[in-house]
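Understanding the architecture of this molecule
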Amino acid sequence: MSDPASVMPPWIAPATTALTAARRAGRLPHALLIHEAPGAGGGWLAHWAARLALCERSAEAPCGACQACRRALAWQHPDLMLVSPLEDSRQIRIEQLRDLAAQLALTSHAGGYKVGVLDPADSMNRFAANALLKTLEEPPPRTLLVLVASQPSRLPPTVLSRCQRLTVRAPTRAAAVEWLTQVRGKGAWDAALETLGEAPLLLLDADPQSLAQIGDETRETLDAVAAGRTDPLATAERWARSELPLRLRCFENWLTERIRRGTGAGNLMQELRAGPYLPAAGAVLNIRELFGLVDEVRELRTTLDVPLNRSLALEALLRRLAPRSTGAAA
C-alpha cells in the first residue's frame, strides 16, 4: 500500500498540469475554486496545490523531499492553514475565517507563499462567506486561497467571481478501482463504489465490504418501497437509527441511476412504471420530479446536524416513491 496523499489519482492530472504551467509562468492565482464531483479528489488537488506553492525546490511539481514539502504533506507547515467545519458543526463559521485572515496577514515563516485551504468551502455560512470576501478583495501578497466545493452554487456570486476555477470530474469505475487498489490494496472496491458512487476518495478510511453490504440492503429496500412491497414508515424509522448519512448517499445514487436510465435512448423509467412518477402527464414531469427528489435528499443530508425529526423527514421522501392507490390517485 502507498500513502494516498503522495499517489496522484490519474484523472486529476489535467488540473495539476494547468497549475504547474501557471506556477512556472509566475501566474498562480491568489484564489482558486476547485469544483469537484463529491469524493473525486478536490481535497487531494487542494493539498497538492498548497504543496506546489510552498515547495522550496521546484516550480514543476512538489518535490516531496524538501522540508517544506514534508511538512506540508503532513499539514504541519506554518504557512499552510486548513479550514474545515468544527467537530460539533457541519458549517465553517465566521470566527474561523477571521482567524485565517489574521494568519494570512502575517509575514510568511519561510519567506514564500502563505496558503489557506477551505474544504468544503460550500459549508461556509453566509457570515463566514462575507468575512472571506474581504480577504479575496484585498489579498496579501504571495497568498493562495484554495476553495473546494461540490456545490459552488451555495457560494455567493461575489466569492465565485474572484476565484479561478478548476474542475475535478468523477473518474471511471475502472480508474477508481485501480487507484484504490494501488493505495490500499485489494478489496471489494467495485461493490463499495456501487454504494457511494464514483467517489474513491471517500473510501480511503472505509471498510469496503461493510459498505457493499449496506449498499446492497439499501438498494433492495428502495426497490421494495418503489414496488409497494415494504412500508416507508418502518423503513424510515429503521434507517434513522442506523447509518443514515450513508443510506442517504446511497438513496441519492439510486435516484441518479434511474434518471440516467430514464434519459437513455428510448427507455424511460420502465422500472418505476407502476409508481407515481409515470402518470398520464408524461415523461418530462417524471424526470423533473426525480431531480426534485434528488435535491431533497441532498438537502436532508446537509441538515442532519439541525434538530429535526429525521424519521419523519425521511418517511416523506420514501412515500414519494411508493405506488399510489387508485383512490389516492383520483
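Above this text is the structure in question.
To start, this report covers the structure provided alongside it. (Residues numbered from 1 in each chain as written. Predicted model: local features only at pLDDT ≥ 70, side-chain atom pairs only at ≥ 80, totals over all residues. Heavy atoms only, no water.)

**Regarding the overall build of the protein chain**
Scanning the protein chain for helices and strands turns up 14 helices and 5 strands. Seen through its principal axes, the protein chain has C-alpha atoms that stretch 75 × 45 × 40 Å. The buried share of the protein chain, reckoned over its 330 residues, is 46%. In the protein chain, once contacts between residues fewer than 6 apart in sequence are set aside, the share between residues at least 24 apart is 69%. Split by element, the accessible area of the protein chain, about 16200 Å² in all, is 50% carbon and sulfur. Measuring between centres, the 38 positive side-chain charges of the protein chain sit 4 Å from its 35 negative side-chain charges. (Helix = DSSP H or I, 4+ residues; strand = E, 2+ residues; numbered from the N terminus. Buried < 20%, exposed > 50% of the residue type's maximum accessible area, 1.4 Å probe, protein only. Contact = heavy atoms within 4.5 Å. Areas by Shrake-Rupley, 256 points an atom, 1.4 Å probe, with all protein chains shown as cover. Lys, Arg positive; Asp, Glu negative; His and termini not counted. Charge placed at Lys NZ, Arg CZ, Asp CG, Glu CD.)

**Notes on the side chain of Arg219**
You can see Arg219 is positioned in helix H9 (residues 208-226). Engagement of the side chain of Arg219 in a polar contact is seen with the backbone oxygen of Glu194, the distance being 3.2 Å. Those residues in contact with Arg219 that sit more than four places away from it in its chain are Glu194, Thr195, Cys250 and Trp254. (Polar contact = N/O pair within 3.5 Å; in protein donor to acceptor, adjacent residues only side chain to side chain.)

**Focus: unusual backbone geometry**
With an omega of -5°, the peptide bond running from Asp119 to Pro120 counts as cis. As for its placement among the helices and strands, Pro120 is situated in the loop between strand S3 (114-118) and helix H5 (126-137). Notably, Arg142 is not glycine yet its phi reads approximately 50°, a positive angle. By the element assignment, Arg142 lies in the loop between H5 and strand S4 (143-149). A relative accessible area of 46% places Arg142 in the partly exposed class. One non-glycine residue, Glu243, lies in positive phi territory at about 55°.

**A few points about the pairing of S4**
Counting buried positions over the 7 residues of S4 gives 7, a clear majority of the element. A two-sided burial pattern is seen for S4, the buried positions comprising Thr143, Leu145, Leu147 and Ala149 on one face and Leu144, Val146 and Val148 on the other. For the segment spanning S3, H5 and S4, crossover handedness is right-handed. (Right-handed = clockwise from strand over helix to strand, strands pointing away.)

**Side note on the environment of Arg57**
Looking at where Arg57 falls in the secondary structure, it is placed in the loop between helix H2 (42-54) and helix H3 (67-73). By relative accessible area, Arg57 is classed as exposed at 62%. Considered as a pair, Arg57 and Trp179 are 122 residues apart in the sequence and their alpha carbons are 28 Å apart. In this view, Arg57 contacts Cys63, Ala65 and Cys66; residues no more than four positions away in its chain are not counted.

**Quick word on the sheet that holds strand S2 (residues 80-83)**
Spatial strand order, S2-S3-S4-S1-S5: 5 strands in an open sheet with parallel pairing. Single-partner strands in this sheet number two, and they are S2 and strand S5 (164-168). Adjacent strand axes in the sheet meet at a mean angle of 20° when their direction is disregarded. Strand direction decides the pairing type here: strand S1 (residues 31-36) and S5, joined by 5 bridges, are parallel. Residue pairing for S5: Leu32 is matched across the bridge by Gln164. In the packing of H2 onto the sheet, the strands contacted are S1, S2, S3, S4 and S5, and the crossing angle to S4 comes to about 170°. Where helix H4 (residues 94-104) meets the sheet, it contacts S2, S3 and S4, and its direction lies at approximately 165° from that of S3. (Pairing = 2+ DSSP bridges. Axes fitted to C-alpha atoms, helices over the stretch in contact; angles between N-to-C directions.)

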